[in-house]
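Coordinate analysis (summary)
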Amino acid sequence: MTHPLLDLAPLSAAHFASIEDRVARLLRTEQDVVVMQGEALLPLEGAIRAAAGPGTTALNVITGPYGQTFGDWLRDCGATVVDLTVPFHTAVTAEQVRGALAEHPEIDFVSLVHAEAATGNTNPVAEIGEAVRAHGALFYLDAVASIGAEPVLPDAWGVDLCVIGAQKAMGGPAGVSAVSVSERAWARMAANPRAPRRSYLSLLDWKERWIDGGRTALLHAPAQLEMLALEACLERIEAVGPDAVMARHASASAATRAGALALGGGLEPYVREAADAAPVATTLRAPAGTTAADLVARALAADPALPLAAGGGALAKEMIRVNHYGPDATPGAVRAALTALGAVLAEEGLTVDVAAALRAAGKSWR
């Protein structure tokens, strides 16, 4: 039996390196880029464990569940952690970060999520980067959800460790991810006796055996299908241009937000200010007297292809997420989500206007 996904020729080191170069161009970075063979949690955890240890004092910004996870990893590494937590319906400000840095001058590591798809907010990384650079701390950024939906510029923003994944706005595979690493970050890792070595988590292994070796011999057999899918994803973005891809996500966000407000029935944006809303996904607060998870389950029962999800954990009661990213950053996906939400809210006896929602969404598509 033959199949186009089987019996492929091995992926060469040169081919692997060329895909890394395309990722670097997408990020507009001169830093080293390592494409890692696993979902984005691999470099997210690997970068923290490589750069943080008992001598580290970290400012961990929490605007959603991933920020909470980073704090757990940092503490597990032995770091002293200062959490800066803001309500999930808003974004952190550069002024808040500056205040925390001034209050704790010993901070030498800052961790931040750019866009929290789980809560629908996005943070002003450029302004925060200025504050972190002025303080001299190492800057770690989770840009997994934001890449492809909004600008991600590690060099311009002074980001030392920038982790991305292809499975959201890039519309690519979930099985590979990437991290850009500054010279300062490599030096911090090399000086950390607790940095993982001879481990799947190890970035230093990639540095010494892959980058320093001229990218001629891979550490292990690559995830070939995922790497080819990442290459195809990058080719598609290059063909239409990153700006066009980002514009499509911005339009989907604006249209969903406007449509939800016009729909009525008590549905409203979870992130209160449009400026704080992430282009990758729009979160909505379920009307009083309803349960978000129930509304979403009923909508998906009618159409499993809808880009809808309930919030995670405790947020499942109150948060509906419209995941308008990748192939779902389209007018059709937004219209379908609004129509389905209107139907289940009407079943609850709430007064909704689906036609008004669709008109508002159409007018907001840029």
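As a starting point, this report considers the structure included with it. Not measured: the values here are computed from a predicted model. (Residues numbered from 1 in each chain as written. Predicted model: local features only at pLDDT ≥ 70, side-chain atom pairs only at ≥ 80, totals over all residues. Heavy atoms only, no water.)

Re the pairing of strand β7 (residues 138-142)
What counts, and what does not: Only protein chains enter the accessibility calculation, which uses a 1.4 Å probe; a residue is then buried when its area is under 20% of its type maximum, exposed when over 50%, and partly exposed in between. Strands are runs of DSSP state E lasting at least 2 residues, helices are runs of H or I lasting at least 4, and numbering of each runs from the N terminus. A strand pair is defined by DSSP finding two or more bridges across the two strands.
With five of its five residues buried, β7 lies for the most part within the structure. Covered by surrounding structure in β7 are L138, Y140 and D142 together with F139 and L141, the residues of both alternating faces. Where strand β4 (residues 109-113) and β7 come together, five bridges link them in parallel fashion. From the neighbouring strand, L112 faces β7, where its bridge partner is L141. Pairing of β7 with strand β8 (residues 161-165) involves three bridges; the strand directions are parallel. In the sheet register, Y140 faces β8, and the bridge partner there is L161.

Here's the deal with the packing of aromatic side chains
Note the threshold: Two aromatic rings, drawn from Phe, Tyr or Trp (for Trp, its six-membered ring), form a pair once their centres lie within 6.5 Å of each other, and the interplanar angle then sorts them: stacked below 30 degrees, edge-to-face above 60, tilted otherwise.
Per the counting criterion, the structure on display carries six aromatic pairs. Ring geometry for F70 and Y140: centres 5.3 Å apart, planes at 90°, overall edge-to-face. Of the two residues, F70 sits in helix α3 (residues 65-76) while Y140 sits in strand β7, which places them 70 residues apart along the sequence. Residue class for Y140 comes out buried when judged on its relative accessible area of 0%. Where F109 meets Y140, the ring centres are 5.8 Å apart and the plane angle is 35°; that geometry is what we call tilted. Taken together, the positions of F109 in strand β4 and Y140 in strand β7 put the pair 31 residues apart, joining distant regions of the chain. Through a chain of ring-to-ring contacts, three or more aromatic side chains come together here, namely F70, W73, F109 and Y140.

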